[in-house]
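# What the coordinates show
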Amino acid sequence: MDTAPTITQEPDEPGCADRFTKVQSSAEFGELRRSHRSFAFPLTVAFVAWYLLYVLLSNFAGDFMGTTVVGNINIAFVFGLAQFLTTFLIAWWYSRHAAAKIDPKAEALKAGLEASK
């Protein structure tokens, strides 16, 4: 019976965990986390609120959501499509934010960590 090789939990080099701990406690890492959180958390809250508004309106404002916009398309359908549009816009916006603000900081931290080997 073949067994998969096990991964050791010990670092490859002595002091490796100390380097990671030092980077984690650095101001640069804190700025990286703040940059991510200041974008991701408010946008997540806004999207969840937008989604819950859609759900609540669908449950409690049936007449409003059933209002015809054009032909057989009603407000509920428009809101449902807007959920998809919002999701894609948020993903696009986050990828731009990450490329401009997060990735350069992460690369700098990575380069500093690799240079300290």
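All values reported here derive from a predicted model rather than from experimental measurement.

## Focus: the UniProt feature "transmembrane region" (unreviewed entry) in the protein
Here, the residues flagged by UniProt with the feature "transmembrane region" (unreviewed entry) are residues 39-61 and 73-95. Each end of residues 73-95 is marked by a C-alpha atom, and these two atoms are 32 Å apart; helix forms 91% of the span and strand 9%.

## Observations concerning the packing of helix α2 (residues 27-60) against helix α4 (residues 75-115)
Interhelical geometry of α2 versus α4 gives an angle of 175° and a closest axis separation of 10 Å. It follows that α2 is roughly antiparallel to α4 by the angle criterion. The class makeup of the residues in the contact of α2 with α4 is 18 nonpolar, seven polar and four charged.

## Remarks on the packing of aromatic side chains
Scanning the entire structure with this criterion turns up three aromatic pairs. A ring pair is formed by F39 and W93, whose centres lie 5.1 Å apart and whose planes are at 80°; its orientation type is edge-to-face. Linking F39 in helix α2 with W93 in helix α4, this pair joins segments that are 54 residues apart in sequence. For the ring pair F39 and Y94, a centre distance of 5.7 Å and an interplane angle of 45° mean the geometry is tilted. Taken together, the positions of F39 in helix α2 and Y94 in helix α4 put the pair 55 residues apart, joining distant regions of the chain. Residue class for F39 comes out buried when judged on its relative accessible area of 12%.

## Concerning the confidence of the model for the protein
Taken over all residues, the pLDDT of the protein has a mean of 87, while the share at 70 or more is 87%. Below a pLDDT of 50 lies the segment residues 4-10, which in the model reaches zero contacts outside its immediate sequence neighbourhood of four places, other chains included.

What counts and how
Residues numbered from 1 in each chain as written. Predicted model: local features only at pLDDT ≥ 70, side-chain atom pairs only at ≥ 80, totals over all residues. Heavy atoms only, no water. UniProt positions renumbered as here; feature names shortened; annotations may be inferred. Helix = DSSP H or I, 4+ residues; strand = E, 2+ residues; numbered from the N terminus. Axes fitted to C-alpha atoms, helices over the stretch in contact; angles between N-to-C directions. Parallel < 35°, antiparallel > 145°, perpendicular 65-115°, else oblique. Nonpolar A, V, L, I, M, F, W, Y, C, P; charged D, E, K, R; others polar. Phe/Tyr/Trp six-rings, centres within 6.5 Å; stacked < 30°, edge-to-face > 60°. Buried < 20%, exposed > 50% of the residue type's maximum accessible area, 1.4 Å probe, protein only. pLDDT = per-residue confidence, 0-100. Contact = heavy atoms within 4.5 Å.

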